[in-house]
Amino acid sequence: MGGFHKSKGIVIELTALLDVIMIMLFWVMMNVKDTSDQVKADADQKVKAAQQQLIEASSEVDAIRAEADSEVASAWEMAENINKNAAENQKALLGYEQGMLVTLNIRYDTDGMLYISNYDEELGKAAINSENEVYTLIVSALEKAGLKQDDVILCALVYDSKNSLYKHVKKVKAAVDRVRTDYRSFYCTYIDTSK
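Throughout, a residue's number is its position along its own chain's written sequence, starting from 1. For a predicted model such as this one, the threshold for reporting local features is a pLDDT of at least 70, and the threshold for listing and counting side-chain atom pairs is 80 or more; totals across whole chains, interfaces and linings nevertheless cover every residue. Hydrogen atoms and water are omitted, and side-chain values are computed over all heavy atoms in the structure.

**Re the packing of helix α2 (residues 131-144) against helix α3 (residues 166-182)**
- The angle between two axes is taken between their N-to-C directions and runs from 0 to 180 degrees, where each axis is a line fitted to C-alpha atoms and a helix contributes only its stretch in contact. Only DSSP runs of H or I reaching four residues or more are called helices, and only runs of E reaching two or more are called strands; each is numbered from the N terminus. For the pair α2 and α3, the least separation of the axes is 8 Å and the interaxial angle reads 50°. With respect to α3, the axis of α2 lies oblique. The handedness of the crossing between α2 and α3 comes out as right-handed. Contact residues: E131, N132, V134, Y135, I138, V139 and L142 in α2; K171, V172, A174, A175, V176, R178, V179 and D182 in α3.
- Classifying every residue of the contact of α2 with α3 by side-chain character gives 10 nonpolar, one polar and four charged. Throughout, the term roughly parallel applies to angles under 35 degrees, roughly antiparallel to angles over 145, roughly perpendicular to angles from 65 to 115, and oblique to all others. Working rule for handedness: look at the near helix, and if it is turned counterclockwise from the far one by less than a right angle, call the crossing left-handed; if clockwise, right-handed. Residue contacts follow a heavy-atom distance rule, with two residues in contact if any of their heavy atoms lie within 4.5 Å. Amino acid classes used here: Ala, Val, Leu, Ile, Met, Phe, Trp, Tyr, Cys and Pro are nonpolar; Asp, Glu, Lys and Arg are charged; the rest, including Gly, are polar.

**Some points on a nonpolar patch on the surface**
- Residues qualify for a patch when their relative accessible area is over 30% and they have no salt bridge, like charges being joined within 9 Å and the nonpolar side chains of Val, Leu, Ile, Met, Phe, Trp and Tyr within 5 Å. Using a 1.4 Å probe, accessible areas were evaluated by the Shrake-Rupley method; residue-level cover was limited to the displayed protein chains. Throughout this description, the term salt bridge denotes a Lys or Arg side-chain nitrogen within 4 Å of a carboxyl oxygen of Asp or Glu. A contiguous nonpolar surface patch, about 330 Å² in accessible area, is contributed by M22, L25 and M29.
- On the secondary structure map, M29 appears in helix α1 (residues 14-97).

**Looking at the pattern of salt bridges**
- Enumeration over the complete set of coordinates arrives at two salt bridges.
- Of the charged contacts, one joins E131 and R178 as a salt bridge, the two residues approaching to 3.7 Å between their closest N and O atoms. Of this pair, E131 sits in helix α2 while R178 sits in helix α3; the two residues are 47 residues apart in sequence, bridging distant segments of the chain.
- Classification of E131 by relative accessible area gives partly exposed; the value is 30%.
- A relative accessible area of 29% means that R178 is categorised as partly exposed.
- Among the salt bridges present, the one from R180 reaches D177, with a minimum N-O distance of 2.8 Å. The buried label applies to any residue whose accessible area, calculated with a 1.4 Å probe on protein chains only, is under 20% of its type's maximum; exposed applies above 50%, and partly exposed to all values in between.

**Remarks on the environment of I138**
- With respect to the helices and strands, the residue I138 is situated in helix α2.
- The residues contacting I138, other than those within four sequence positions of it, are L104, I116, A175, V176 and V179.

**A closer look at the packing of aromatic side chains**
- For Phe, Tyr and Trp, where Trp contributes only its six-membered ring, two rings pair if their centres lie within 6.5 Å, and the inter-plane angle classes them as stacked under 30 degrees, edge-to-face over 60, or tilted in between. Going through the model one piece at a time under the given rule, you end up with zero aromatic pairs.
- Lysine and arginine charges are scored as sitting over a ring when NZ or CZ, respectively, is within 6 Å of the ring centre and within 35 degrees of the ring normal. For the cation-ring pair, K173 lies above Y190, with the distance from its terminal atom to the ring centre recorded as 4.7 Å.
- Residue placement shows R178 over the ring face of Y135; its charged tip is 4.1 Å from the ring centre.

**A short note on the sheet that holds strand β3 (residues 121-127)**
- If you trace the five strands from one edge of the open sheet to the other, you get β3-β2-β1-β4-β5, paired in mixed fashion. Two strands bound the open sheet, and with one partner strand each, they are β3 and β5 (186-192). Adjacent strand axes in the sheet meet at a mean angle of 20° when their direction is disregarded.
- Two strands are said to pair when DSSP picks up at least two bridges between them. Bridge count for strand β4 (residues 153-159) against β5 is seven bridges, and the pairing is parallel. Across the sheet, the residue bridging to L154 is Y187, located in β5.
- Here α2 sits on the sheet in contact with β1 (102-108), β2 (112-118), β3, β4 and β5, set at roughly 165° to β3.
- Most of the contacts of α3 go to β5, to which it runs at about 165°, and overall it touches β1, β2, β4 and β5.

Structural data, given as structure tokens:
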């Protein structure tokens, strides 16, 4: 007897499978909603942080701009002073070319004397007794020459170290240093004629 074996196939219960699919779909939708809420909250937080950084950066830029403006103003002021100083120096050098030089000359006719002249004009002379007297003599000579404290003044101290007493040269140099405190642009060179 030949018989046939009938296969009934696989019977799938769709109801249970649909329930599982619906649960998974609901779970995915809830996770997507939670994730989107979290992403939105993170984005809001990042936007607020960026706005705060922008405000801080803006205030820093304002501070840097104010500092830069101050530095630019200071640089302009320095440039103007440099131009003014350069003009004063040029004026003094032109005067020097025309023989305008304050000369302090230590000579010994009998006693040590300091002669002060400007070009060919004698501005004063006195015995070298003290630094104070020499200082007063130099200042009065500068005033007599019409020189002011902010003028650029070129000066030469001329002496012969073989014949000049060290104490006299020392007193005159000390007086010159004191004059420099009052006349800021008072430049004096020392010329030893014995060398």
